[in-house]
Amino acid sequence: MKVLVIGGGAREHALCRSLSLDPDVTALYCAPGNAGIAEVAELHPVDALDGDAVARLATELGAGLVVVGPEAPLVAGVADAVRAAGIPCFGPSGEAAQLEGSKAFAKDVMAGAGVPTARSYVCTTPAEIDEALDAFGAPYVVKDDGLAAGKGVVVTEDLAAARAHALSCDRVVIEEFLDGPEVSLFAITDGTTVLPLQPAQDFKRALDGDEGPNTGGMGAYSPLPWADPKLVDEVLQSVLQPTVDELRRRGTPFSGLLYAGLAITSRGVRVIEFNARFGDPETQVVLARLKTPLAGVLLASANGTLDALPLLNWRDDAAVTVVIASYNYPDTPRTGDPIDGLADVAAQDGPDAYVLHAGTRAEGGAVLSAGGRVLSVTATGKDLTAARERAYTALGRIRLDGSQHRTDIALKASRD
């Protein structure tokens, strides 16, 4: 089949890489893509938030499947426009994508589904904000109700900082702090059947030791050697399936990728948040471990035939991704800097280590930085120790002036 991927980050590069290796994919397109994606897919310009433009492009290309990567186009209803044009689309409707587009909507769905999550208040006035912060106390967890590119959450001991973030949001969700390690678990669903993937852990803070501000994610690893082997089945039964069933009951069936951000607390598993698409950087490590060809799974989700698929096959190898970010990220990042060493990684480290592009653009034969998170250096190995050694060895070949990365991705887990 011909596949069109919408987006231009490392998540989309990971999706395109996997799709390019699928023998059933006869042509692969990406819009708008980036400098790295151009190596595996044909790029086309498009306004990713314009559903009609995306549908027209898919029609012109003869695409048999459209995969919408980022959250903003999903919330904007791009998947609806593609389906209205008669083209199968992997991704939820705009209404169902409110599971990510509105924290308050997600909390309401979880309440209806009986899904365990943090106690919370939805606040729209300063008085409500002060009451909620006082009720829960420190550490304060303050979430912008809407989309914020992974940076709308503040977790802090500082009451003034928590209040300032809350006041900067039109509507805000303030909730109790959940203790314990965090896990990301993806599931592919067609609105009825739910197919969980392998769990991963990402690193939200900018600096080693989980210090510094929240980011969109500075690295990830999979599998989780410390996690209960029954975790995936437990989350499927207590979180994923009930959520999909509740959305279908409400008349807003969810098909596509359901992402559960989880806290493994002293009182059991609790949902921190839902996303309506593949997460970045967890996608990079999860897809690195998936043996089953990807296109058929995504098409089955779009067509409502997941129940006919065999179980997914997974590699025993571990995978680690380390993000290289621009100078001054996650504040206003510097862009336009040349990136060197990419060919060295391809020549010396492949196929066990490779670079997925996030914020890059090609100019005059050079690759330049074009965003906050620039590259995801991804590697596999027989265990986490081997995978992270390969990832950091490959990362050491890359030169980007002023760049930053964490040095402790998967370090603790590799020692457990």
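Everything that follows concerns the structure shown earlier in this document.
Residues numbered from 1 in each chain as written. Predicted model: local features only at pLDDT ≥ 70, side-chain atom pairs only at ≥ 80, totals over all residues. Heavy atoms only, no water.

> Can you walk me through the layout of surface pockets in this structure?
To find leftover empty space, a probe the size of one water molecule is rolled over the atoms. Each pocket or cavity is described by its volume, and for the second largest pocket that value is around 400 Å³. In this structure, the second largest pocket is lined by 20 residues; those nearest its centre are His 13, Glu 39, Ala 346, Tyr 354 and Val 355. For the lining of the second largest pocket, the elements supplying multiple residues, two or more each, are helix 1 (10-20), helix 12 (342-348) and strand 20 (353-357). Ranked by residue count, the leading element in the lining of the second largest pocket is strand 20, at five residues. Of the residues contributing to the lining of the second largest pocket, the split by class is 13 nonpolar, five polar and two charged. (1 Å grid on protein atoms, 1.4 Å probe; cavity = no way out; pocket = protein on both sides within 12 Å on 5 of 7 lines; lining within 4 Å. Points joined across faces, edges and corners; volume = space filled by probe spheres on them. Helix = DSSP H or I, 4+ residues; strand = E, 2+ residues; numbered from the N terminus. Nonpolar A, V, L, I, M, F, W, Y, C, P; charged D, E, K, R; others polar.)

> Even after reading the chapter, I still don't get the sheet that holds strand 9 (residues 172-175), so can you show me in this structure?
Hydrogen bonding along the main chain pairs the strands of a sheet, whether they run parallel or antiparallel. With antiparallel pairing, the four strands of this open sheet are ordered in space as 6-9-7-8. Here the strands that pair on one side only, and so sit at the sheet edges, are strand 6 (120-123) and strand 8 (153-156). Along the sheet, successive strands turn relative to each other by an average axial angle of 20°, direction set aside. Looking at chain direction, strand 7 (residues 140-144) and strand 9 are connected through four bridges and run antiparallel. Bridging across to strand 9, Lys 143 finds its partner in Val 173. (Pairing = 2+ DSSP bridges. Axes fitted to C-alpha atoms, helices over the stretch in contact; angles between N-to-C directions.)

> Would you take a moment to explain empty space enclosed by the protein for this structure?
The full count for this structure, using the stated rule, is two cavities of 30 Å³ or more. Approximately 70 Å³ is the volume attributed to the largest cavity. What lines the largest cavity is simply Leu 99, Lys 103, Ala 106, Lys 107, Met 110, Lys 143, Val 173, Glu 175, Ile 272, Glu 273 and Phe 274. Secondary-structure elements contributing two or more residues to the lining of the largest cavity are helix 6 (103-113), strand 9 and strand 17 (268-275). Looking at the lining of the largest cavity element by element, the count peaks at four residues for helix 6. Taken together, the residues that form the lining of the largest cavity break down as six nonpolar, no polar and five charged. The calculated volume of the second largest cavity comes to roughly 40 Å³. In terms of lining residues, the second largest cavity is bounded by Ala 14, Arg 17, Ser 18, Gln 284, Leu 287, Ala 288, Tyr 354 and Leu 356. Every element with two or more residues in the lining of the second largest cavity is listed here: helix 1, helix 10 (282-289) and strand 20.

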